Amino acid sequence: IVIMGRATFQSLPVFLKNRVSIILSSNVEQIQDKVSELKKQHNESDVPPIVVYDSVFGALESLSVVLENYPVNKEEVVVIGGESIYKQFLPIADKIILSLVDGEFHGDKYFPTLDRDIWTKTAFVKNIKEEDDNYSYSILTLESLKSNVYDFSTGNLLSKMDTFKYL
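Keep in mind that this is a model prediction, so the values were computed, not measured.

J.: Teacher, can you tell me more about the packing of aromatic side chains here?
T.: Remark: the centre distance and the inter-plane angle together describe each pair of aromatic rings, the angle taken between the planes. Counted under the stated rule, the structure contains two aromatic pairs. With a centroid separation of 5.1 Å and an interplanar angle of 70°, the aromatic rings of Phe105 and Tyr135 are classed as edge-to-face. Residue Phe105 is found in the loop between β5 (95-101) and β6 (119-128), and its partner Tyr135 is found in the loop between β6 and β7 (137-144); the two are separated by 30 residues along the sequence.

Okay, here's the thing in structure tokens:
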């Protein structure tokens, strides 16, 4: 399962095969337009499932339905952007895999600043360059140091979704 915002979805040149795409947007019409555009390039049977929600809460509450109805990796949900979506999911993330491109770029959207007290580096692969790439890049993997959240009123550990609702 990959979760993304509308602008990230609209920037994709092709469908993300073998994945369920969850798109967060209040503008379903723009999502439908992009799906129609991409369908023209693909065989109808190659179109992966795409689900649209208008809020993070809606997407989280519906994850169990998506997991039941589609043959996907049930161990990992991947958030692929953009800036607002990253900010909204950071409180419940337990791992971050960052691609760090060697180059100087100008943009108006940025990955959120991370709290070094919460994240620790678990892997770092430097200077990767594929044959057709213009830039080399590194991959930094960070894992969360935060502990589980305990609800003293019920005596239970909260799930990630429940924790997110309290924030």
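J.: I keep staring at the pattern of salt bridges and nothing clicks. Help me out?
T.: Opposite charge on two side chains lets them pair, provided their charged atoms get close. Overall, the coordinates contain three salt bridges when judged by the stated rule. The partner of Glu37 in a salt bridge is Lys34, with the nearest N and O atoms 3.4 Å apart. Placement of both Glu37 and Lys34 in helix α2 (residues 28-39) is noted, with a separation of three residues, approximately one turn of the helix. Residue classification places Glu37 among the partly exposed residues on the basis of a relative accessible area of 41%. We classify Lys34 as buried; its relative accessible area is 8%. Where Lys95 meets Glu76, a salt bridge forms, and the shortest distance between an N and an O atom there is 3.8 Å. Pair noted here: Lys95 is in strand β5 and Glu76 is in the loop between α3 (56-69) and β4 (78-81), with a separation of 19 residues, a long-range link.

J.: What exactly am I supposed to notice about the nonpolar core here?
T.: For soluble globular proteins, nonpolar side chains are generally found buried alongside one another. Grouped together as the largest cluster of nonpolar side chains are 16 residues, with contacts concentrated most on Ile1, Ile3, Ile22, Leu24, Tyr53 and Phe89. Elements supplying a minimum of two residues to this core: β2 (21-24), β3 (50-53), α3 and α4 (83-89). Top element by residues in this core is α3. It accounts for five residues. Residues contacting Leu24, with those up to four places away along its chain left out, are Ile3, Met4, Gly5, Arg6, Tyr53, Ser55, Val56, Ala59, Ile85 and Phe89. Counting ten residues, the second-largest nonpolar core is a separate cluster that includes Leu12, Leu16, Val35 and Leu38.

J.: Even after reading the chapter, I still don't get the pairing of β3, so can you show me in this structure?
T.: Two faces make up the sheet, and in a regular strand the side chains alternate between them. Taking every second residue as pointing to the same face, the buried face of β3 carries Val51 and Tyr53, while none of Ile50 and Val52 on the other face is buried. Pairing of β2 with β3 involves four bridges; the strand directions are parallel. Bridging across to β3, Ser21 finds its partner in Ile50.

J.: Would you take a moment to explain the sheet that holds β2 for this structure?
T.: Paired through their backbone hydrogen bonds, the strands of a sheet run either parallel or antiparallel. Spatial strand order, β3-β2-β1-β4: four strands in an open sheet with parallel pairing. Sheet topology places β3 and β4 at the edges, where each strand pairs with a single neighbour. Taken over all neighbouring pairs, the strand axes of this sheet differ in orientation by 25° on average, direction set aside. Pairing of strand β1 (residues 2-5) with β2 involves four bridges; the strand directions are parallel. Across the sheet, Met4 pairs through a bridge with Ile23, a residue of β2. Relative to the sheet, α3 contacts β2 and β3, its axis offset from that of β2 by approximately 160°.

The rules behind these values
- Residues numbered from 1 in each chain as written.
- Predicted model: local features only at pLDDT ≥ 70, side-chain atom pairs only at ≥ 80, totals over all residues.
- Heavy atoms only, no water.
- Phe/Tyr/Trp six-rings, centres within 6.5 Å; stacked < 30°, edge-to-face > 60°.
- Helix = DSSP H or I, 4+ residues; strand = E, 2+ residues; numbered from the N terminus.
- Salt bridge = Lys/Arg side-chain N within 4 Å of Asp/Glu carboxyl O.
- Buried < 20%, exposed > 50% of the residue type's maximum accessible area, 1.4 Å probe, protein only.
- Core = buried A, V, L, I, M, F, W, Y, C linked by side-chain atoms within 4.5 Å.
- Contact = heavy atoms within 4.5 Å.
- Pairing = 2+ DSSP bridges.
- Axes fitted to C-alpha atoms, helices over the stretch in contact; angles between N-to-C directions.

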